[in-house]
Amino acid sequence: MGANGSAASGSTSTEIGRRWETVAVLPNGMKVIELKNPKTNHKAPEESHSPNSIYVMFNKDGNGIKSISKYDGDCKKVYEIHTVDHKGLGVHYHPWHNGRPGEASPLTAAMKKILDELKSLI
């Protein structure tokens, strides 16, 4: 089973077309994904392969969480949590609208809970 990131376009209806693959499903249902070609841009997919999913990506070197992406019932990205600090925010998130990230903001309590739960599992 692989994450594909472009369910709406239909270009990933076969395994050959998928850029990401699911490498683990955590006990809480979060899916750890990675790019099949690690030399490509290291970003989470804009759409999920299944509705209401949470995808986790680790840094390229495997040390630490890079991002956590939450998808809605239509497989569209709702937000993405980033663990790398920029602009002094520390861990933060970007809401997603029409396939584009919004302004970086501090995590909500629910997002902190997701991050903490993930950290407890790895």
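These numbers were taken from a predicted model, which means no experiment stands behind them.

Participant: Tell me about the nonpolar core, and name the residues and values.
Facilitator: M30, V56, I68, I81 and L118 are the most contacted members of the largest nonpolar core, which has 15 residues in total. Per-element tally for this core: the top contributor is helix α1 (residues 109-121), with four residues. Apart from residues lying up to four places away in sequence, I68 is in contact with I54, Y55, V56, Y79, E80, I81, I114, L115 and L118. Core analysis: the second largest hydrophobic core is formed by seven residues, I33, Y55, M57 and Y71 among them.

Participant: Let's hear about the environment of G64: which residues, and what values?
Facilitator: Topologically, G64 is positioned in the loop between β3 (54-58) and β4 (65-71). The sequence separation of G64 and K119 amounts to 55 residues, and the corresponding C-alpha distance is 9.3 Å. Setting aside chain neighbours within four positions, we find G64 in contact with F58 and N59.

Participant: Please provide a residue-by-residue account of the pattern of salt bridges, values included.
Facilitator: As enumerated under the stated definition, the model contains three salt bridges in all. Close ionic contact of K77 with E46 constitutes a salt bridge, the shortest N to O distance being 4.0 Å. You can see K77 sitting in strand β5 (residues 77-82) and its partner E46 sitting in the loop between β2 (31-35) and β3, a full 31 residues away along the chain. Classification of E46 as partly exposed rests on a relative accessible area of 33%. With its nearest N and O atoms 2.6 Å apart, the salt bridge here joins E80 to K77. Each member of the pair, E80 as well as K77, carries the same accessibility label: buried. Sharing partners across several salt bridges, the network here consists of E46, K77 and E80.

Quick notes on the rules
- Residues numbered from 1 in each chain as written.
- Predicted model: local features only at pLDDT ≥ 70, side-chain atom pairs only at ≥ 80, totals over all residues.
- Heavy atoms only, no water.
- Core = buried A, V, L, I, M, F, W, Y, C linked by side-chain atoms within 4.5 Å.
- Buried < 20%, exposed > 50% of the residue type's maximum accessible area, 1.4 Å probe, protein only.
- Helix = DSSP H or I, 4+ residues; strand = E, 2+ residues; numbered from the N terminus.
- Contact = heavy atoms within 4.5 Å.
- Salt bridge = Lys/Arg side-chain N within 4 Å of Asp/Glu carboxyl O.

By themselves, these are just geometric observations and shouldn't be taken as functional.
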